[in-house]
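Inside the fold
In case you want the letters, here they are:
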Amino acid sequence: MSESSTGGSYGKAGFTRRRFIIGTAGVSAVAALGGTVVRAPRAVASGAPSGPPTTTLPLPTTTKPEQLLLTWGGDPATEVTVSWSAPGTVAQPAPTLAFSAQPITAHNPGRLVKMPDPKPLDVTQRYGEAASVSFTDGLNGQTTYFYHVQLKGLKPGTRYYYQVTDGASEPSTAGSSFETAPSGRAKFRFSSYGDLATPSWDLNTSGNIWHESCDNSWYAVTAIENPGDGKGAPLFHLLNGDLCYANLDVDNAPGVWRDFGNNVARSAANRPWMPALGNHECEFGTDTISGHPGKAAGGIAAQGAAGNYWNGPYGFGHYLSRFLLPDNGVTNWDGNRLRGNFYAFQVGTVTFISLDADDVIYQDGAANYVIDTANTPPETTTTGASIPNGTTTYTRFYTGGLKPDAKNNSLVPDYASGQPNLQTIWLERTLARARRDPSVDMIVVFMHQCAMSTSVPGNGSDLGIRQAWLPLFDKYEVDLVLSGHEHDYERTYPVRGYDTGAHGTVAAPNPGQTKGAAVDTRRPSVAATEPHDFNGTPAWNTAEGTVYLVLGGGGTNGPTNTYGTDAADDKPQAKVITTRNAVVGSEAAGFVKNGADSIEDAPWSAAINPTDAYGYSIFDVDPGRHRGETTITFQYFAIPAVTNEAGSAHDGTTTLPTQPTEKFVFGRRVGRR
Ligand SMILES: [Fe+2]
Ligand SMILES: [Fe+2]
């Protein structure tokens with residue numbers, strides 16, 4: 001993907017900035033404390049493959065259950081969904097799940113759930129208690145199998161044991177245990193990052209390297225099972241989109257997803273992992289945008305040219321097959337149920353909301369075949385499916401339209417069109433309900449793309465999120481917004497409302513723009529720049545303003561932790577995407593995808609980490625004693641990039657820190673007398 005040149009003096013080292021630059025001190029402190037070096041097992045002794053495969057590799061034909069994955073049901077205190085997969089292209093003969101509040105043994109076989117025969121993914125249908133789903137990848141033709149059991153009526157705060165079996169004549173089993181969420185006002189811990197990718201060949205089940213493979217992905221999962229402060233694994237994890245980048249391996253997407261599934265299962269078998277959709281979950285295939293098989297004359301090879309270049313509904317076929325997430329009850333205008341695309345759940349005194357920002361962002365999708373060489377032939381996979389040059393996925397407004405509201409440069413559901421944006425309507429309803437609910441003190445939103453980021457090599461800040469959702473985050477006083485997308489760390493000051501007027505300048509014009517023109521970037525207003533004190537820990541009052549955290553350092557091989565600075569005053573500066581970063585060109589001349597169009601001074605940027613792109617966040621929720629007293633203690637643990645990753649051996653090791661690089665308390669009463 002081409003990045004725009006946005007002027008200014010981006011990423012100059014050594015500048016003194018008001019915002020807090022973290023990293024170096026934290027890491028040396030860790031070294032001084034003798035942080036534990038976690039060494040990875042070396043299962044594969046042969047040499048490394050030279051790079052991502054360019055032909056379709058076979059998947060296993062065995063059926064031993066793997067890729068165990070837990071997610072919350074609608075009520076995490078009583079509902080957990082257990083999911084697992086077959087390794088490859090053969091369905092399990094007679095899969096079952098057994099579960100019990102006691103360990104599963106010969107004497108305690110538990111309650112048995114038999115799985116139905118698999119059916120192809122069909123998001124127009126409701127799921128039963130047990131569902132077996134197959135999905136055929138549109139580009140490589142491999143069919144993989146996913147099994148889901150929605151456990152309901154569980155006891156809160158209780159450990160349950162489970163075991164799944166393939167039902168073969170010599171059955172294979174796999175299992176673990178999990179804890180349901182506590183009921184009522186209770187303490188708990190959760191964790192988060194986005195942009196995980198897959199480990200490299202020596203730590204991957206398949207033994208392959210994929211496009212974003214990096215051994216930091218392996219350590220990121222290890223860290224969640226054993227956080228650096230020694231205070232135990234979280235109750236659940238939030239995974240902020242860009243899960244594995246399978247869309248970049250058009251011949252092997254199911255294989256990439258398998259390696260992702262087995263890596264995260266080291267944690268997700270033991271505690272729910274709750275994802276948000278990112279741009280890289282949107283994949284090329286041979287379906288219509290609603291997920292129906294393309295029927296253009298000319299067979300599979302002709303589908304891409306006819307616009308049928310989607311891998312399942314909106315390109316999300318693999319994601320929607322693998323995850324059976326809480327039901328938002330929303331049916332899209334095309335008849336697809338939008339279960340799992342966006343959803344909410346409550347644990348203790350906190351409501352969590354997962355959003356799909358693909359629906360509102362200006363920036364383009366991640367599945368794109370955009371080559372600037374003239375007369376580039378279509379990208380053609382081993383099945384003969386072909387995608388013409390200049391094709392890019394773009395799902396903005398896939399749940400309905402938004403229209404400008406000039407009075408505050410916002411975007412609101414376009415009822416006059418007859419198809420208003422359903423996700424935004426659902427979001428406002430969900431936020432209003434949470435703020436009315438006396439059992440909810442704080443609201444945490446997680447999504448993939450960023451309303452605010454000063455990363456230079458990254459994507460930048462997206463005006464679409466600022467226009468569509470920040471007015472709602474302000475109105476309902478959302479406390480924290482977590483994202484990924486940028487492969488780095490950034491924290492904002494609490495922000496509320498926006499700075500009126502044109503604070504942006506067009507630096508890399510898209511069609512219809514003029515370089516140097518002023519543009520209203522709807523820049524969020526800083527509400528406070530000095531933290532309060534909460535029992536000796538710096539604290540931000542999130543009733544004063546929402547804090548945005550970019551947590552995209554899961555583990556990809558493409559860190560973006562170089563940050564923008566205005567050369568004139570050394571202050572933070574950000575790229576802002578205010579129009580679609582269009583694909584321009586022609587078949588004859590080749591195509592180019594533009595980057596962010598504008599820049600703004602970014603006084604909202606409070607902390608960056610130029611030293612370490614990777615890391616994970618731990619959040620400890622304490623409900624206090626009375627309504628409104630909930631606090632969330634946040635720790636960010638930066639993880640150094642693995643060594644040797646760039647070499648052919650791909651045998652990276654790193655040191656997992658025992659000290660956080662940042663620690664804050666967030667609460668709505670902190671600093672108040
Ligand atoms: Fe990413
Ligand atoms: Fe992304």
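Throughout what follows, the structure given in this document is the object of discussion. These numbers come from a predicted model, not from an experiment.

1. Looking at the overall build of the protein
The helix and strand tally for the protein stands at seven helices and 43 strands. Whereas a compact globule of 673 residues would reach a radius of gyration of roughly 26 Å, the protein reaches 24 Å, a difference of no more than 12%. Each of the 673 residues in the protein was classed as buried or not, and the buried ones make up 61%. Within the protein, contacts between residues at least 6 apart in sequence are counted, and of these 75% link residues at least 24 apart. Here the protein displays about 23,300 Å² of accessible surface, and carbon together with sulfur accounts for 52% of that area. Averaging the positions of the 50 positive and the 63 negative side-chain charges in the protein gives two centres separated by 8 Å.

2. As for the pairing of strand β35 (residues 573–577)
Within β35, five of the five residues are buried, leaving the element largely enclosed by the surrounding structure. On β35, burial covers both faces: Gln573, Lys575 and Ile577 on one face and Ala574 and Val576 on the other are all buried. Note: strand β25 (residues 461–462) against β35, two bridges, orientation parallel. Counterpart to Asp462 in the pairing with β35 is Ile577. Bridging between β35 and strand β38 (residues 598–601) involves four bridges; their strand directions are antiparallel.

3. Re the coordination of the iron ion (ligand 1)
Within the protein, the iron ion (ligand 1) binds to Asp195 (OD), Asp242 (OD), Tyr245 (OH) and His487 (NE2); these donor distances fall in the range 2.1 to 2.2 Å. Geometry at the iron ion (ligand 1) is irregular, judged from the four donor atoms that bind it and their angles of 87 to 171° at the metal. Between the donor residues of the iron ion (ligand 1), the gaps in sequence give the motif D-x46-D-x2-Y-x241-H. For the pair the iron ion (ligand 1) and the iron ion (ligand 2), the metal-to-metal distance amounts to 3.4 Å, and Asp242 bridges them. Separated by 47 residues along the polypeptide, Asp195 in the loop between β12 (188–193) and α2 (216–225) and Asp242 in the loop between β13 (236–239) and α3 (253–268) bring together distant segments of the chain.

4. Here we look at the packing of aromatic side chains
The tally for this structure, following the rule as stated, stands at 31 aromatic pairs. Note on Phe190 and Phe619: the rings are 4.5 Å apart at their centroids and 5° apart in plane angle, and the pair reads as stacked. Taken together, the positions of Phe190 in strand β12 and Phe619 in strand β40 (residues 614–622) put the pair 429 residues apart, joining distant regions of the chain. Relative accessible area serves as the criterion here: at 0%, Phe190 is assigned to the buried category. Where Tyr314 meets Tyr398, the ring centres are 4.6 Å apart and the plane angle is 40°; that geometry is what we call tilted.

5. Details of unusual backbone geometry
In the Ramachandran plot, Asp195 falls in the positive-phi region, its phi being about 60° despite a non-glycine side chain. Non-glycine residue Tyr245 carries a positive phi angle of around 65°.

6. Focus: the side chain of Asn308
The topology assignment puts Asn308 in the loop between β15 (284–287) and α4 (317–322). Reaching out from Asn308, the side chain makes a polar contact with the side chain of Gln303 at a distance of 2.8 Å. If sequence neighbours within four positions are ignored, Asn308 has contacts with Gly285, Thr286, Asp287, Thr288, Gly294, Lys295, Ala296 and Gln303.

7. So, the sheet that holds strand β14 (residues 273–275)
Strand pairing in a sheet is mediated by backbone hydrogen bonds. Such pairs are either parallel or antiparallel. In space, the eight strands of this open sheet follow the order β14-β13-β12-β40-β41-β43-β33-β32, with mixed pairing throughout. The open sheet has two edge strands, β14 and β32 (532–534), and neither has a second partner. Adjacent strand axes in the sheet meet at a mean angle of 30°, parallel and antiparallel pairs treated alike. Pairing between strand β41 (residues 631–639) and strand β43 (residues 662–667): six bridges, direction antiparallel. Paired with Phe634 across the two strands is Phe664, which belongs to β43. Relative to β12, α2 is tilted by about 170°, and along the sheet it contacts β12, β13, β14, β40 and β41.

8. Some words on the coordination of the iron ion (ligand 2)
At the metal site, the iron ion (ligand 2) is ligated by Asp242 (OD), Asn279 (OD1), His448 (NE2) and His485 (ND1), and these contacts range over 2.1 to 2.2 Å. For the iron ion (ligand 2), the four donor atoms in the first shell make angles of 86 to 159° at the metal, a pattern classed as irregular. Counting residues between consecutive donors of the iron ion (ligand 2) along the chain gives the motif D-x36-N-x168-H-x36-H. Using a relative accessible area of 0% as the deciding quantity, one classes His448 as buried.

9. Considerations on the sheet that holds strand β3 (residues 66–72)
With respect to topology, five strands assemble into an open sheet ordered β3-β4-β9-β8-β7, the strand pairing being mixed. In the strand order of this sheet, the two ends are held by β3 and β7 (119–120), each with one partner. Two elements, strand β4 (residues 80–85) and strand β9 (residues 143–151), share six bridges in a ladder whose sense is antiparallel. Across the sheet, the residue bridging to Val80 is Leu151, located in β9. Most of the contacts of α3 go to β3, to which it runs at about 65°, and overall it touches β3 and β9.

10. A look at the nonpolar core
For soluble globular proteins, nonpolar side chains are generally found buried alongside one another. Counting residues in each nonpolar core, the largest one holds 153 residues, and the members touching the most others are Phe352, Trp469 and Phe473. What Phe352 contacts, discounting residues up to four positions off in sequence, is Phe188, Phe190, Phe236, Leu238, Tyr343, Ala344, Phe345, Val347, Val444 and Phe446.

11. Overview of the side chain of Gln635
On the secondary structure map, Gln635 appears in strand β41. Within polar-contact distance, the side chain of Gln635 engages the side chain of Asp229 at 3.0 Å. Leave out the neighbours within four places in its chain, and Gln635 touches Arg189, Asp229, Tyr616, Ser617, Ile618, Asp620, Pro660, Glu662 and Lys663.

12. A short note on the state of the cysteines
Using the criterion set out here, one finds zero disulfides in the structure. There is no disulfide at Cys214, and the cysteine sulfur nearest it, in Cys244, is 15 Å away. Overall, Cys214 belongs to the buried group, its relative accessible area being 2%. No disulfide involves Cys244; its sulfur sits 13 Å from that of Cys282, the nearest cysteine. Judged by its relative accessible area of 1%, Cys244 falls in the buried class.

13. Things to note about the environment of Pro60
Within the secondary structure layout, Pro60 lies in the loop between β2 (37–38) and β3. Sequence separation between Pro60 and Asn216 is 156 residues; the distance between their C-alpha atoms is 26 Å. Residues within four places of Pro60 in sequence aside, it is in contact with Pro87, Gly88, Thr89 and Arg258.

14. Focus on the pattern of salt bridges
The full count for this structure, using the stated rule, is 19 salt bridges. The closest approach of N and O atoms between Arg258 and Glu66, which form a salt bridge, is 2.6 Å. Here Glu66 lies in strand β3 and Arg258 lies in helix α3, a separation of 192 residues in the sequence. Residue class for Glu66 comes out buried when judged on its relative accessible area of 12%. Ionic pairing is found between Asp405 and Lys407, a salt bridge with its closest N-O pair at 2.9 Å. Overlapping salt bridges bring together Arg435, Glu477, Asp479 and Arg668 as one network.

Criteria and thresholds
Residues numbered from 1 in each chain as written. Chains lettered and ligands numbered in written order. Predicted model: local features only at pLDDT ≥ 70, side-chain atom pairs only at ≥ 80, totals over all residues. Heavy atoms only, no water. Helix = DSSP H or I, 4+ residues; strand = E, 2+ residues; numbered from the N terminus. Rg over C-alpha atoms; globule rule 2.2 N^0.38 Å. Buried < 20%, exposed > 50% of the residue type's maximum accessible area, 1.4 Å probe, protein only. Contact = heavy atoms within 4.5 Å. Areas by Shrake-Rupley, 256 points an atom, 1.4 Å probe, with all protein chains shown as cover. Lys, Arg positive; Asp, Glu negative; His and termini not counted. Charge placed at Lys NZ, Arg CZ, Asp CG, Glu CD. Pairing = 2+ DSSP bridges. Donors = N, O, S within 2.8 Å, 3.2 Å for Na, K, Ca; no water. Tetrahedral: all angles 85-135°; square planar, octahedral: opposite > 155°, others 65-115°. Phe/Tyr/Trp six-rings, centres within 6.5 Å; stacked < 30°, edge-to-face > 60°. Polar contact = N/O pair within 3.5 Å; in protein donor to acceptor, adjacent residues only side chain to side chain. Axes fitted to C-alpha atoms, helices over the stretch in contact; angles between N-to-C directions. Core = buried A, V, L, I, M, F, W, Y, C linked by side-chain atoms within 4.5 Å. Disulfide = S-S within 2.5 Å. Salt bridge = Lys/Arg side-chain N within 4 Å of Asp/Glu carboxyl O.

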